[in-house]
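# Fold and geometry: a report
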Amino acid sequence: MGIVHGDQMILNIGPQHPSTHGVLRLEVKTDGEIVSEVKPYLGYLHRCFEKHCENVTYEQVVPYTDRCDYLAAMNSNFGYVVAMEELMEIKVPERVDYIRVIMGELNRVASHLLALGVYGLDVGAFTPFLYMLRDRERILDMFEYTCGARLLYNYMWVGGVSHDLPKDFVQICLDFLDYFEPQISEYNELLTYNKIFIERTADVGVLPADVAVSFGVTGPNLRGSGVKWDVRKDEPYSIYDRFDFDVPTGTGEFGTVGDCFDRYWVRMLEVKESVKILRQALKDIPDGDVHQAIPKKIRPPKGSVYRRTESPRGDLGYYIVSDGTPVATRLKMRSPAFTALSVLDEISRGWMISDVIAILGSLDIVLGEIDR
Amino acid sequence: MGVLENNFKDNVIVASLDKLLGWARSTSPWYFQFGLACCAIEMMAAAASRHDLERIGMMPRSSPRQADVMIVAGTVTMKMALRVKKLYEQMADPKYVISMGSCATSGGPYWQHGYHVLKGVDLIVPVDVYIPGCPPRPESLIEGLLKLQEKIQTERPLTRKSV
Amino acid sequence: MTFAEIKATIEKQYPGSVLENEGLGDHQVELKGEQWIEIATYMKTDPTLCFDQLECITGVDTGEEGPLQSRYNLHSMEHRHKIEVVICHDRKNPKVASIEQLWRIGDWFERETYDMFGIVYEGHRDLRRILCPDDWEGWPLRKDYEGQESYHGIIVPKIKEEEGWE
């Protein structure tokens, strides 16, 4: 932290602070209330994901990917299986692709709902959190109905998915969407257009686009800065090129482009886009066998692959090095929240301590994925 | 009991002070809001709309000084273990620990190759209730908390312990 | 630009820097470590290449005998092309120039690779461990790593190694 001069003071936040979204320690150097430097200390949840991947077979990696990004476990699975299928050149049946997209988008909605609700908590609004968790529970119920787990699913396997959808799933999901879409405007009335909320977030923590790219920030945080970059659109994987959806970007509705409000607002708009994708996917889903393409033994050829997918937090990349055995030589996860957190110091200088919490919340980090 | 019986009108309950204290303490154990990993999300879900922990008297507190129960929700790593111990020491007596999920109980899926994972939180702090599951459902957490309440109820804070 | 064109551009600008390696896949190019900082600066600033996004730095341990590697995944937001740069390090003394000041995220990625493999990025202003505690011993993701027996008095239970996976 260096030398502390006369008026300066060092404030320690975490690792058990309720607004650090997990076990993150921030060392904040302040001059009174004004923050002059923020130093994040990570690793309080370093669970040796990559070491495990070098010691267990490829099939057994899937549950560990769940536990990395535990708010969007389906998307973590999705990234891994897409990378593996690219390495092994497996073509999965149509139905599997559709199921994966449905699950991925549902999980994106669930993850964003939690992110938005917790962001409300961070800036002092408790009620929206309860509303959003109420609707999130319904999504988790659908997951539970499909694969038996509420949070960590182990649902997507290399070449397929573990269970086919239940017979009435499509109808249940459509019912949910019919219920859910009007709720979005309720959230907006409750939180988004709240004067206090806007005052707390608009113009705060502005992240310019070039800085965001240099820091490798991706996902809603990058789009909040006005860069139209979405892996689903720009490097389509699975069957995302078949769907018609927009990529919302920040416009500086109440302040500057790239402020906390924009990052929040992009997530809210993305929820709407996910609903759009879901409706299209539910309409077109074909029949088929979901276990047909699952290989008996996963033994990828020698080589390496880097594939990124769009998780709710940004570009989730998997780097897999294979030497032809059933165990990976090296498996690295490129974590989107890791890069998002690295920008915290840059954009919170000059703001007050309470604003640091608002900025950190707007980045939507998941410590499981940062520390792996 | 004979002296007190029938000497009072309505709204009076006669009980031994020990039992009364046990009942009062057991029905409002405030827990330390302290999430570690995936289980913390289920803890949040348990506290939120559907399951609503507050109906059994559980309220989240952000400071260890105000909390009675520490729910260790998630994987404890070596780096965090020293902090968990410190936090436990900061809590005021009487204090209880719930180990939520298999990671906190034994290291869970990170048991074999997790060089940086603490293999069970009971290596550093005493644990009262273990909740299995990876992650446990909110219902399991509530069950565990009710078990803890039963345990607190049987304690006799005023009775001198035989040493 | 296609991968072959990018490779040719680098080869033309810095003759002899591109090493031939049969084992590499598509989009991968092996470079000499000595000139890395100049090549990286060129790749970032040249308008035709313009790799403005550093996606990932992966450290790879190729086995007991083989070298350590740093692999850089670069992507250009402007031209939408990508490349992967492989740099090999000597196992005894792994070091390479730091690109922390070119791409800001390089700071944390290099710290992470240093933490896991012990690869020293020369010129990095704050090269510390990032995930493991500061007083951790050894480089966890190297193949010859053996876990600590105890850490600050916390004993790590010994686990019997199972037989291989076959």
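Residues numbered from 1 in each chain as written. Chains lettered and ligands numbered in written order. Predicted model: local features only at pLDDT ≥ 70, side-chain atom pairs only at ≥ 80, totals over all residues. Heavy atoms only, no water.

### Overview of the overall build of chain A
The line we're drawing: Put simply, DSSP H or I for four residues or longer makes a helix, DSSP E for two residues or longer makes a strand, and each gets a number counted from the N terminus. Each residue gets one of three labels from its accessible area relative to the maximum for its type: buried under 20%, exposed over 50%, partly exposed in between, using a 1.4 Å probe on protein chains only. For this analysis, residues touch if any pair of their heavy atoms sits within 4.5 Å. Working convention for charge: Lys and Arg count positive, Asp and Glu count negative, and His plus the chain ends are omitted. Charge coordinates come from a single atom per side chain, which is NZ of Lys, CZ of Arg, CG of Asp or CD of Glu.
Along its length, chain A carries 15 helices and eight strands. Taken along the three principal axes of its C-alpha coordinates, chain A extends 70 × 45 × 35 Å. Scored against the burial criterion, the 372 residues of chain A give a buried share of 69%. Excluding contacts between residues fewer than 6 apart, the proportion of contacts in chain A whose partners are at least 24 apart in sequence is 72%. Of note, chain A has its 40 positive side-chain charges centred 5 Å away from the centre of its 54 negative side-chain charges.

### Quick word on the overall build of chain C
Filter applied, for reference: Computed with the Shrake-Rupley method and a 1.4 Å probe, the accessible areas treat only the protein chains shown as cover for residues.
From N to C terminus, chain C includes three helices and nine strands. For chain C, the succession of helices and strands along the chain, N to C, is α-β-β-α-β-β-β-β-α-β-β-β. Overall, the C-alpha framework of chain C stretches about 55 × 40 × 25 Å when taken along its three principal axes. Sequence-distant contacts in chain C: of pairs separated by 6 or more residues, those separated by 24 or more amount to 48%. Carbon together with sulfur atoms contributes 47% to the accessible area of chain C, which is approximately 8,000 Å² in total. Each charge class in chain C can be summarised by its mean position, and for the 19 positive and 34 negative side chains these summaries are 3 Å apart.

### Things to note about the interface of chain A and chain B
As a reminder, the rule being used: Put simply, buried area is the surface a 1.4 Å probe can reach on two separate parts but cannot reach once they are joined, added for both. Here, a salt bridge means any side-chain nitrogen of Lys or Arg that lies within 4 Å of a carboxyl oxygen of Asp or Glu. Any pair of N or O atoms that falls within 3.5 Å is considered a polar contact. Within protein, one atom must be able to donate a hydrogen and the other to accept it, and sequence-neighbouring residues count only if both atoms are side-chain atoms. Under this grouping Gly is polar, as are all residues other than the nonpolar Ala, Val, Leu, Ile, Met, Phe, Trp, Tyr, Cys and Pro and the charged Asp, Glu, Lys and Arg.
Listed by partner, the interface residues are 36 residues for chain A and 33 residues for chain B. Contact with chain B buries surface across chain A, with Q16, Y44 and R47 of chain A losing the most and accounting together for 20% of the total. There are four salt bridges connecting chain A and chain B. As a salt-bridge pair, R137 of chain B and E144 of chain A come within 2.7 Å of each other at their nearest N and O atoms. In this structure, the connection of chain A to chain B is made through 11 residue pairs in polar contact (both at pLDDT 80 or more). Breaking the side of chain A that touches chain B down by element, the ones donating at least two residues are α1 (49-53), α2 (58-68), α4 (94-122) and α5 (127-147) of chain A. Here the side of chain A that touches chain B takes 10 residues from α5 of chain A, the largest share from any one element. Partitioned by chemical class, the residues of the side of chain A that touches chain B number 19 nonpolar, six polar and 11 charged.

### Thoughts on a nonpolar patch on the surface
All names here are of chain B. Here is the rule: Patch membership requires over 30% relative accessible area and the absence of a salt bridge. Like charges are linked within 9 Å, and nonpolar side chains (Val, Leu, Ile, Met, Phe, Trp, Tyr) within 5 Å.
A surface patch of nonpolar side chains, about 500 Å² in accessible area, is lined by L17, L20, L21, W23 and L158. You can see L20 is positioned in helix α1 (residues 17-26). Overall, L20 belongs to the partly exposed group, its relative accessible area being 43%.

### A word on the interface of chain C and chain A
Chain C puts 37 residues into the contact, and the matching count from chain A is 44 residues. There are six salt bridges connecting chain C and chain A. For D234 of chain A, the salt bridge identified is with R80 of chain C, shortest N-O distance 2.8 Å. Viewed at the interface, chain A and chain C are joined by 19 residue pairs in polar contact (both at pLDDT 80 or more). Counting residues per element, the ones that place at least two in the side of chain C that touches chain A are β3 (53-61), β4 (68-75) and α3 (106-117) of chain C. Top contributing element to the side of chain C that touches chain A by residue count: β3 of chain C, with eight residues. Residue composition of the side of chain C that touches chain A, by class: 18 nonpolar, six polar and 13 charged.

### Quick word on helix α5 (residues 138-154) of chain B
All names here are of chain B. What counts, and what does not: How far a helix is expected to stretch is found by multiplying one less than its residue total by 1.5 Å. Within this analysis, the arc is defined by the directions that extend from the helix axis to the C-beta atoms.
Between its first and last C-alpha atoms α5 spans 25 Å; for 17 residues at 1.5 Å apiece the expected length is 24 Å, and the two agree. Buried within α5 we find P138, L141, I142, G144, L145, L148, Q149 and I152. When α5 is viewed along its axis, its buried side chains cluster within an angular range of 160° and face the same direction. Where α5 is buried, its residues meet α1, α2 (38-47), β3 (69-73), β4 (96-100) and β5 (129-131).

### A word on the sheet that holds strand β6 (residues 303-311) of chain A
Residues and elements named next belong to chain A. Just so we agree on the cut-off: For two strands to count as paired, DSSP must find a minimum of two bridges between them. To obtain an axis, a line is fitted to C-alpha atoms, over the contacting stretch when the element is a helix, and the angle between two such axes runs from 0 to 180 degrees between their N-to-C directions.
If you walk across this open sheet you meet the three strands as β6-β7-β8, and the pairing is antiparallel. Of all the strands in the sheet, just β6 and β8 (330-334) have a single pairing partner and so form its edges. Averaged over all pairs of adjacent strands, the angle between strand axes in this sheet comes to 10°, irrespective of strand direction. When β6 meets strand β7 (residues 314-322), the two strands line up antiparallel, connected through nine bridges. When the bridges of β7 are listed, G303 appears paired with S322.

### A few points about the packing of α4 of chain A against helix α11 (residues 260-284) of chain A
Residues and elements named next belong to chain A. This is how it is decided: Any angle between 65 and 115 degrees counts as roughly perpendicular, while under 35 counts as roughly parallel, over 145 as roughly antiparallel, and the rest as oblique. When the near helix sits turned anticlockwise from the far one by under a right angle, the crossing is termed left-handed; a clockwise turn instead gives a right-handed crossing.
As a packed pair, α4 and α11 sit with axes 9 Å apart at the nearest point and diverge in direction by 155°. On the basis of their axis angle, the class for α4 and α11 is roughly antiparallel. Considering how the two elements wind past one another, α4 and α11 form a crossing that is left-handed. Contacts between α4 and α11 involve Y98, V101, I102, E105, L106, R108, V109, H112, A115, L116 and Y119 from the former and C260, Y264, R267, M268, E270, V271, S274, I277, L278, A281, L282 and D284 from the latter. Classifying every residue of the contact of α4 with α11 by side-chain character gives 16 nonpolar, two polar and five charged.

### Digging into the packing of aromatic side chains
Residues and elements named next belong to chain A. Applied cut-off: Paired rings are identified among Phe, Tyr and Trp, the last through its six-membered ring, by centres lying within 6.5 Å, and are further divided according to the angle between planes into stacked (under 30 degrees), edge-to-face (over 60) and tilted (the rest).
Taken as a whole and assessed by the stated rule, the structure comprises 30 aromatic pairs over all chains. Ring plane angle 45° and centroid distance 6.4 Å describe the contact between F176 and Y179, whose orientation is recorded as tilted. Here F176 pairs with Y179, and both are found in helix α6 (residues 169-192), just three residues apart, close to one helical turn. The buried category is assigned to F176, whose relative accessible area is 2%. For Y179, a relative accessible area of 25% puts it in the partly exposed group. Aromatic pair Y193 and F254: ring centres 6.4 Å apart, planes at 65°, arrangement edge-to-face. Of this pair, Y193 sits in the loop between α6 and α7 (195-201) while F254 is found in the loop between α10 (231-234) and α11, placing the two residues 61 residues apart along the sequence.

### Points about the confidence of the model for chain C
Any residue range with low pLDDT should be treated as having predicted coordinates unsuitable for detailed reading. All names here are of chain C. Cut-off, in case you're wondering: Residue-level confidence of the predictor is summarised by pLDDT, bounded by 0 at the bottom and 100 at the top.
Averaged over chain C, the pLDDT score is 83; the fraction of residues at 70 or greater is 95%. For chain C, per-element mean pLDDT is lowest for strand β9 (residues 154-155), which scores 76, and highest for α3, which scores 89. Predicted complex metrics record ipTM = 0.87 and pTM = 0.88.

### Some words on the sheet that holds strand β1 (residues 31-32) of chain B
All names here are of chain B. As summarised here, the arrangement of the five strands in space is β2-β1-β3-β4-β5, forming an open sheet in which the pairing is parallel. Each end of this open sheet is capped by a strand with a single partner; those strands are β2 (60-61) and β5. Of the strand pairs in this sheet, β4 and β5 are connected by three bridges, and their pairing is parallel. Paired with M100 across the bridge in β5 is I131.

### Focus: the environment of I239 of chain A
All names here are of chain A. Its location among the elements puts I239 in the loop between α10 and α11. Judged by relative accessible area, I239 falls into the buried class, the value being 3%. Along the backbone, I239 and I139 are 100 residues apart, and their C-alpha atoms lie at a distance of 22 Å. Contact partners of I239, with chain neighbours within four places excluded, come to D97, Y98 and V101.

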